[in-house]
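Letter by letter, the chains look like this.
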Amino acid sequence: MSQSISEETHRNLLSRIPHCTGREISEWLRTVDEGPALFRFDEKVSWLRGAHNLSYGHAKAIVHEHDLRRAARKF
């Protein structure tokens, strides 16, 4: 990830996403799963911003959460 954010900031961003976008976090995570096979964090963020008109902060929080959950599934 190009910039790190605090856990508190990350949680605050996630909590605002459903209100700002009209979609739940689980829907956004599924969107990332079903989206193009991009490997780099910044590519995923750029794709979400362009394809779904998300703000940089929201796109970054969604991709970060997606990566955290994917890593947790591997253990």
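To be clear, the structure that these remarks concern was listed above.
Keep in mind that this is a model prediction, so the values were computed, not measured. In this numbering scheme, every chain counts its residues from 1 along its sequence in written order. The model is predicted, so local features are restricted to residues of pLDDT at least 70 and side-chain atom pairs to those at 80 or more, both for listing and for counting; the totals for chains, interfaces and linings are taken over all residues. Excluded from the side-chain calculations are hydrogens and water; all other atoms, namely the structure's heavy atoms, are used.

### A short note on the pattern of salt bridges
Only one rule defines a salt bridge in this text: a Lys or Arg side-chain nitrogen within 4 Å of an Asp or Glu carboxyl oxygen. By the definition in use, this model includes 7 salt bridges. Between Glu27 and Arg23 there is a salt bridge, with its nearest N and O atoms 3.7 Å apart. Using a 1.4 Å probe on the protein chains alone, a residue whose accessible area is under 20% of its type maximum counts as buried, one over 50% counts as exposed, and one in between counts as partly exposed. Classification of Glu27 as partly exposed rests on a relative accessible area of 29%. A salt bridge links Asp42 to Arg40; the shortest N-O distance between them is 2.7 Å. We classify Asp42 as partly exposed; its relative accessible area is 36%.

### Looking at helix H3 (residues 41–52)
The α-helix winds at 3.6 residues per turn, so residues separated by three or four positions along the chain end up facing the same way. Elements are defined by DSSP. Helices are runs of H or I of four residues or more, strands are runs of E of two residues or more, and each kind is numbered from the N terminus. The span one expects for a helix is its residue count, reduced by one, times 1.5 Å. With 12 residues, H3 extends 16 Å from end C-alpha to end C-alpha; this agrees with the ideal 16 Å at 1.5 Å per step. Taken residue by residue, H3 has Phe41, Lys44, Val45 and Leu48 as its buried positions. Down the axis of H3, the buried set is contained in an arc of 100°. They therefore lie on one face. Here the buried face of H3 lies against helix H2 (25–34) and helix H4 (56–73). Where H3 ends, the next residue or the one after it, Asn53, has phi of about 55°, a positive value. Note: the arc covers the axis-to-C-beta directions of the helix. By definition in these notes, contact holds between two residues if any of their heavy atoms fall within 4.5 Å.

This is a description of form; function is not addressed.
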